[in-house]
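Each chain is listed here by its residues.
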Amino acid sequence: MLQTVKPVLTKVVIVAVLAVMIATAAVIATVSNSSQEDSEGVLLSPFGNDVKKFSTDPASFLRQFNYGKVSVQPDGTTLREFTLITQDVEIEVAPGVYWNAWTFNGTVPGPTLRVTEGDRVKVTLINQVDRQNTIHFHSIHPSDADGVLYQVEPDGNFVYEFTAGPFGLFLYHSHSEPVSERFNRGMYGVLIIDPQTPRPPADEMVMVMNGYDTDFDKENNFYSVNGVAFYYMKNHITIKAGQLVRIYLVNVLEFDQINTFHLHGNVFKLYPTGTSLTSYEITDIVRLSQGERAVLEFTYNYPGPYMFQAHQTEFVDKGWTGMFHVVDSDSYVPDGEEVMRHG
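Residues numbered from 1 in each chain as written. Predicted model: local features only at pLDDT ≥ 70, side-chain atom pairs only at ≥ 80, totals over all residues. Heavy atoms only, no water.

Chemist: Got a minute to help me understand the packing of aromatic side chains in this structure?
Modeler: Given two aromatic rings, their pairing is described by the distance between the two centres and the angle made by the two planes. Scanning the model with the defined rule gives 22 aromatic pairs in all. Relative to W320, the ring of F308 lies with its centre 6.1 Å away and its plane at 65°, an arrangement referred to as edge-to-face. Here W320 lies in the loop between α5 (313-317) and β22 (321-327) and F308 lies in strand β21 (residues 304-309), a separation of 12 residues in the sequence. We note that F308, like W320, is buried. Following the ring pairs from residue to residue traces out a cluster consisting of Y231, Y232, F261, F268, F298, Y300, Y306, F308, W320 and F324. The positively charged end of R131 is found above the aromatic ring belonging to W102, 3.8 Å away from the centroid. Taking the ring centre of W99 as reference, the NZ or CZ of R185 above it sits at 4.9 Å. (Phe/Tyr/Trp six-rings, centres within 6.5 Å; stacked < 30°, edge-to-face > 60°. Helix = DSSP H or I, 4+ residues; strand = E, 2+ residues; numbered from the N terminus. Buried < 20%, exposed > 50% of the residue type's maximum accessible area, 1.4 Å probe, protein only. Lys NZ or Arg CZ within 6 Å of the ring centre and 35° of its normal.)

Printed below as a string of structure tokens:
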């Protein structure tokens, strides 16, 4: 009996192996040709083909802030209203690599929401996809605004209301199961709660560090800042010599325990979570676990190109690297569409 079964089992195993090989080849075949090959067979290059199918242009996202629909309540409190809509979109996360993203408002990352401490915040979630979703905000809020107990069904909606506080750098993300897949697919964004006394004027930008496990083995194939691998290596971020730069840095990376940000040719003031205006460390590298945030402030005095990157070589090779282009004041033209200035 065993001799009869063995050939059948062997055939089954061969068929299964062939199926896995075909599936793996299909994943790798989605990647365009370039000059550098990683350990998993995915071809990558910071100078390869341009990414054309954005969910959002990382150059514009960098300095875009959504202040919501603003009104004043009878007691004088500022009310800010936002709408976040779940949408499934296909995006290009690296040259020639297309990804079925799960998003808020069709972009990865979702919109950067910006409020001031003490504002009344109202966020309406409209769930247009065929799976449950929520929004979980990192900050202080009532239980019914926590986005965990109440799941929003397909074609449903829910309104989250809270008073913004404390000031600092926070994030929001879907807290429906499996949470890890929602992080991997792109369901997150940044929440900035400004102090009532504004920070000093600066060239402000948001950087969200993320990754993509495109073959679903719980190991990331690509890493990026603001959604597209190598984007800022090919499209340098222009900043002005002598100008204070402020980065709102958020780590949403799934499947890796830590992520890092390293600044070349300079040091920065590091404000963990941005909840203090006076307590900081001076360094050139910061290490963040998933969900951790930090506000970085620095000024370049010398014009020229300067790299910023993860300080893990694998992350760099798979997309997490970029360049600042520091220019003299007379030739300065900011990238993106909106530069936030207080005062």
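Chemist: What should I look at first to understand the sheet that holds β22 in this one?
Modeler: Strands belonging to one sheet form pairs held by backbone hydrogen bonds; the direction of such a pair is parallel or antiparallel. The strand order β14-β22-β21-β16-β19 describes an open sheet built from five strands, whose pairing is mixed. Of all strands in the sheet, those bounded by a partner on one side alone are β14 (237-240) and β19 (285-289). Neighbour-to-neighbour, the strand axes of this sheet turn through a mean angle of 25°, independent of strand direction. Bridge analysis of β21 against β22 gives six bridges, and the strand direction is antiparallel. Its bridge partner being in β22, Y306 is matched across the sheet by F324. (Pairing = 2+ DSSP bridges. Axes fitted to C-alpha atoms, helices over the stretch in contact; angles between N-to-C directions.)

Chemist: Would you take a moment to explain the pattern of salt bridges for this structure?
Modeler: When their charged atoms lie close together, side chains carrying opposite charge are able to pair. Under the definition given, this model contains 10 salt bridges. Here R131 and D88 are joined by a salt bridge, their closest N and O atoms 2.8 Å apart. Here R131 is found in the loop between β7 (120-127) and β8 (136-137), whereas its partner D88 is found in strand β4 (residues 78-94), with 43 residues between them in sequence. Among the residues examined, D88 registers a relative accessible area of 41% and is labelled partly exposed. For the salt bridge of E204 with R246, the shortest nitrogen-to-oxygen distance reads 2.6 Å. A residue pair is termed long-range when its members are at least 10 positions apart, and E204 in strand β12 (residues 203-212) and R246 in strand β15 (residues 245-251) qualify at 42 residues. Comparing E204 with R246 shows no difference in burial state: the two are buried. Bridged by salt links that share partners, the residues R114, D194, E204, R246 and E297 form one connected network. (Salt bridge = Lys/Arg side-chain N within 4 Å of Asp/Glu carboxyl O.)

Chemist: Even after reading the chapter, I still don't get the side chain of R185, so can you show me in this structure?
Modeler: Following the sequence through the fold, R185 ends up in helix α3 (residues 179-185). A distance of 2.7 Å separates a polar side-chain atom of R185 from the backbone oxygen of N100. Setting aside residues no more than four positions away along its own chain, R185 makes contact with W99, N100, A101, W102, V108 and F216. (Polar contact = N/O pair within 3.5 Å; in protein donor to acceptor, adjacent residues only side chain to side chain. Contact = heavy atoms within 4.5 Å.)

Chemist: Would you mind going over the sheet that holds strand β10 (residues 168-173) with me for this structure?
Modeler: Taking strand neighbours across the sheet as the criterion, the four strands line up as β6-β11-β10-β8 in an open arrangement whose pairing is mixed. Only two strands of the sheet have a single partner each, and these edge strands are β6 (113-116) and β8. Two strands pair when backbone bridges link them, and β6 and strand β11 (residues 188-194) are joined in this way by four bridges, in the parallel orientation. Bridging from a neighbouring strand, V115 pairs with I193 of β11.

Chemist: I'm lost on the side chain of H136 in this one. Help?
Modeler: For H136, the location among the structural elements is in strand β8. Within the local environment of H136, its side chain forms a polar contact with the backbone oxygen of D146, the two atoms lying 2.8 Å apart. Leaving out residues up to four positions away in the same chain, H136 has contacts with D146, G147, V148, L171, Y172, H173 and H175.

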